[in-house]
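One letter stands for each residue in the lines below.
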Amino acid sequence: MKKAIFLFISLSLLLIGCSNNNTEQSVAAENQSDTTNSSNTIPSYYNDYILNPQVSDDRSIQDVGESSRDKRGELTLQAIKNDSQTYKIDSIELTIREAKILHFKPDYSLIDFFHSYTHDEEFDFVKMFVEIKNTSDKPLKFAPAAIISTSAGEKKTWEDDIYLEELNGEIEANETKKGNVGFIIKKSKIDFIEITTSDVFNEKEEKLSDAEKIKLEF
């Protein structure tokens, strides 16, 4: 009888151990779901950035031709400009950390979301990772990319942004925002893009400064 009880307890402990191992493996798989196939280090300016729910994670792909895949889909890098530049527009400091042209194959679960932008099941888009700092002691209103024009003649507005990371609009005194803006394009073989920011306004909607035009060459 004692042997039977001992065998039962041993078997129970073994099953519990297997269950714990499976749970740990499941958690580890979840934590790795947003990793890419790249061995590149993620640039430090992405620290504290929360991954976008619609667009795949491109942070670590820094070499042309490199691809990454996660639960949102698959990305391939076609062009990159990653030398940070800062522009002063009244009391706004706009830093463009990087600009990329990417080919995206969204996961099937996201097709409906992207149908409001395109009916293609895979497409190219241009994106910028930006930081916006309000250096004044009063709230301001600003958009980092009100209009995007490409060397191929395409034009997009802030309403076409696929990232929707709330970078447009009011920015509090001494606040810094950072994130992505991105726009689907039909022609990916382009030499440059030209970004037109919004004007800078105060909280009373009074214009403080004209928009800035910024040209980024690939």
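Note that this is a predicted model, so its numbers are computed, not measured.

**Some points on the packing of aromatic side chains**
Remark: the centre distance and the inter-plane angle together describe each pair of aromatic rings, the angle taken between the planes. Evaluation of the coordinates by the stated rule reveals 13 aromatic pairs. Both rings, one in Phe-113 and one in Phe-114, keep their centres 4.9 Å apart while their planes meet at 80°; by these two values the pair is edge-to-face. On the numbers, 5.2 Å between centres and 55° between planes, the contact of Phe-114 with Phe-123 is tilted. Here the two residues Phe-114 and Phe-123 agree in accessibility, since each one is buried. Put simply, the rings of Phe-104, Phe-113, Phe-114, Tyr-117, Phe-123, Phe-125 and Tyr-163 pair up and form one aromatic cluster. The aromatic ring of Phe-192 is capped on one face by Lys-215, whose charged end is 4.3 Å from the ring centroid.

**Details of the sheet that holds strand β13 (residues 207-209)**
One open sheet holds the 4 strands; their spatial order is β9-β6-β12-β13, and the pairing between them is antiparallel. Every other strand in the sheet has two partners, leaving β9 (169-171) and β13 as the edge strands with one partner each. The sheet shows a mean angle of 40° between the axes of neighbouring strands, direction not considered. Judged from the 3 bridges that link them, strand β6 (residues 140-142) and β9 form a sheet pairing that is antiparallel. By the bridge assignment for β9, Leu-140 is matched with Ile-171.

What counts as what
Residues numbered from 1 in each chain as written. Predicted model: local features only at pLDDT ≥ 70, side-chain atom pairs only at ≥ 80, totals over all residues. Heavy atoms only, no water. Phe/Tyr/Trp six-rings, centres within 6.5 Å; stacked < 30°, edge-to-face > 60°. Buried < 20%, exposed > 50% of the residue type's maximum accessible area, 1.4 Å probe, protein only. Lys NZ or Arg CZ within 6 Å of the ring centre and 35° of its normal. Pairing = 2+ DSSP bridges. Helix = DSSP H or I, 4+ residues; strand = E, 2+ residues; numbered from the N terminus. Axes fitted to C-alpha atoms, helices over the stretch in contact; angles between N-to-C directions.

These figures come from the coordinates and say nothing about function on their own.
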